[in-house]
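Next come the chains, spelled out residue by residue.
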Amino acid sequence: MKRIATLCLLLLALNGYSQTNAELDPKILTSKAVMNQFMDLRFGMFIHWGPVTLRGTEIGWSRHHQVPATDYDTLYKVFNPINFNADEWVKTASDAGMKYLTITAKHHDGFCLWPSAYTDYNIMATPFKKDVVGLLAKACKKYHIKFCIYYSVLDWYQENYPLDNSTDPKLADKRKKPDMEKYVVYMKNQLKELVKNYDPYMLWFDGPWEAPWTKAMGLDMYTYLKTLKKDLIINNRLGKSFSGIDADGTAKFLGDYDTPEQRIGSLNMQTPWETCMTICEQWSWKPNDKMKSLQTCIQTLAKVAGGNGNLLFNVGPRSDGAIEPAQVARLKDMGSWLKQYGTAIYNTHGGPYNPNDTFATTRSGKKIYLHVFKPVTTLTIPEMPGVKINKAYIMKGATVALMQTNGQITLTLPAVLPDPNDTVIVLETDKSTIDIAPIKNEEKK
Ligand code: JFZ
């Protein structure tokens, strides 16, 4: 029996399952079909929000630091986001071309944006008294946006969770008798509330890195959640090693996909991944936060898609409940670009070239979409072995001159590219592009 189990683990490992996923019952792992559908969505809205916006400091992390815990933990008493409008938030996501939305229902500070039966530290204890998670779930249904929930494993407010984020022992909460076993029961009760009452498409876990949370708890929690909803997508932050993909592209984590943070993941055709990134600098709202340029936003999305990943792009709404108008405008401009070029992003695969600062490629059927980020008039790239390009043209535009000789493809581009942020050139090939192996292309500096 032992030899068979070892063989199964070995086969699973070769099959791209890490040790941790291999320790799960393969029947409960999220199916490839569900993950393919998620990866076709390509672009989602991340929202970090809570009473901390009254102070404009970072959610969770500023407790005990920029904001004394005694102040931080009582902000809810005056949190009254009168301008919160779930339809407006979701419409902003939809107009940006985003296909899913992930809300921090409970971040590291333990505050709950829904009327949890397991703690009074929730939105109903504020003057606002509205179920923010429920209203967003309803608005997402109305606008056909997949509703997803962020839930922090660590909880620096709950007494049963053994740690808080103070480094100064004098400041540390006087935790009377923490009890991690009871805290895990609290987590399961809250997660059951969230799954049963709001039917999320995905759970985005975070905060597994602290000592009280163990790999065994992660495996148990993944298994438990799958008893609540079989096709629930779960990211890799229930596991302890939530970063890491082997050189051959196989996952080294527990969960359904990798979550590179504030950076663009590498081209990977085996393991699903999603970059999470802020449109500004802070995850939750802060005054005068520096926002990324439209070019950076669009090129980040194209490079992520070119790497075969999704982009979860974060906004931090203000304490009054409104998203900064400048951020709404930036997202609307991303949506305008996607209206023009979305065919080259949604329902595509990344590659075959690994993205760089000059170009990225996505592909679908017999088409390669070449995203050009710089005003180059000639672009030379390694040829795709065994593939012939029959036509090359600017998407919705003029033909592009093309030479295929000596193992190289040379494109001659117009002096002024139609879209300085990302002009998409279509290469129509003689065969399906999905099986073309990744092509290393060193960027000529
Ligand atoms: C985490 C959160 O701490 C952060 O507030 C935000 O929600 C982001 C999306 O996820 O960011 C991290 C992740 C990993 C570590 C620290 C912060 N880490 O490994 O120390």
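Structure's up top.
Residues numbered from 1 in each chain as written. Predicted model: local features only at pLDDT ≥ 70, side-chain atom pairs only at ≥ 80, totals over all residues. Heavy atoms only, no water.

### Some details on the side chain of glutamate 210
Reasoning step 1: Mapped onto the elements of the fold, glutamate 210 is located in the loop between strand S4 (202–206) and helix H8 (215–228).
Reasoning step 2: Overall, glutamate 210 belongs to the buried group, its relative accessible area being 12%.
Reasoning step 3: Reaching out from glutamate 210, the side chain makes a polar contact with the side chain of tryptophan 156 at a distance of 3.3 Å.
Reasoning step 4: Dropping the residues within four chain positions of it, glutamate 210 is found in contact with Leu154, Trp156, Tyr161, Leu163 and Lys240. (Helix = DSSP H or I, 4+ residues; strand = E, 2+ residues; numbered from the N terminus. Buried < 20%, exposed > 50% of the residue type's maximum accessible area, 1.4 Å probe, protein only. Polar contact = N/O pair within 3.5 Å; in protein donor to acceptor, adjacent residues only side chain to side chain. Contact = heavy atoms within 4.5 Å.)

### A look at the sheet that holds strand S15 (residues 423–429)
Reasoning step 1: Strand order in the open sheet formed by five strands is S8-S9-S10-S15-S12, with antiparallel pairing between adjacent strands. Each having just a single partner strand, strand S8 (349–350) and strand S12 (389–394) make up the two edges of the open sheet.
Reasoning step 2: For strand S10 (residues 367–372) and S15, the ladder comprises six bridges, and the chain directions are antiparallel. Pairing of leucine 370 across the sheet is with isoleucine 425, part of S15.
Reasoning step 3: Across the sheet, helix H9 (residues 294–306) touches S8, strand S9 (359–364) and S10, and the angle it forms with S9 is around 55°. (Pairing = 2+ DSSP bridges. Axes fitted to C-alpha atoms, helices over the stretch in contact; angles between N-to-C directions.)

### Quick word on the pairing of strand S14 (residues 408–412)
Reasoning step 1: In this sheet, S14 lies alongside strand S11 (residues 378–382) in antiparallel orientation, the contact comprising five bridges. By the bridge assignment, threonine 378 is partnered in S14 with threonine 412.
Reasoning step 2: Relative to S14, strand S13 (residues 401–405) runs antiparallel, the two being bridged by five bridges. Its bridge partner being in S14, alanine 401 is matched across the sheet by threonine 412.
Reasoning step 3: Here S13 hands over to S14 after two residues, with asparagine 406 in that stretch at a positive phi of 45°.

### Brief notes about the packing of aromatic side chains
Reasoning step 1: According to the stated counting rule, one finds 23 aromatic pairs in the structure shown.
Reasoning step 2: Each ring, one from tyrosine 76 and one from tyrosine 121, has its centre 5.5 Å from the other, and the planes form 90°; the classification is edge-to-face. Of the two residues, tyrosine 76 is situated in the loop between helix H4 (69–72) and helix H5 (86–95) and tyrosine 121 in the loop between strand S2 (100–106) and helix H6 (132–142); the sequence distance between them amounts to 45 residues.
Reasoning step 3: On the basis of relative accessibility, which here comes to 17%, the residue tyrosine 76 falls in the buried class.
Reasoning step 4: Here tyrosine 121 falls in the buried class, since its relative accessible area comes to 5%. (Phe/Tyr/Trp six-rings, centres within 6.5 Å; stacked < 30°, edge-to-face > 60°.)

### Brief notes about the nonpolar core
Reasoning step 1: Of all hydrophobic cores here, the largest spans 92 residues; its most connected members are Leu101, Phe147, Leu225, Leu238 and Phe313.
Reasoning step 2: Broken down by element, this core gets its largest block of residues, nine residues, from helix H7 (residues 180–198).
Reasoning step 3: Built from parts of two domains, this core gets at least three residues from each of domain 1 (27–344) and domain 2 (350–429).
Reasoning step 4: Setting aside anything within four residues of it in sequence, one finds leucine 238 in contact with Val153, Phe205, Pro208, Trp213, Gly218, Met221, Tyr222, Leu225 and Leu254.
Reasoning step 5: By size, the runner-up hydrophobic cluster in this structure holds 21 residues, among which are Tyr353, Leu370, Ile381 and Leu417. (Core = buried A, V, L, I, M, F, W, Y, C linked by side-chain atoms within 4.5 Å. Domains from an automatic or database assignment.)

### Quick look at the site of the ligand
Reasoning step 1: Near the ligand, the surroundings consist of 12 residues, among which His48, Trp61, His108, Asp206 and Glu261 are the closest.
Reasoning step 2: Residue tyrosine 150 places a side-chain N or O atom 3.4 Å away from an oxygen atom belonging to the ligand.
Reasoning step 3: The contact in question runs from an oxygen atom of the ligand to an N or O atom on the side chain of arginine 237, over 3.3 Å.
Reasoning step 4: Burial of the ligand by the surrounding chains reaches 77%, relative to a free accessible area of 440 Å².
Reasoning step 5: For the shell around the ligand, the class distribution of residues is six nonpolar, three polar and three charged. (Near = heavy atom within 4 Å. Areas by Shrake-Rupley, 256 points an atom, 1.4 Å probe, with all protein chains shown as cover. Nonpolar A, V, L, I, M, F, W, Y, C, P; charged D, E, K, R; others polar.)

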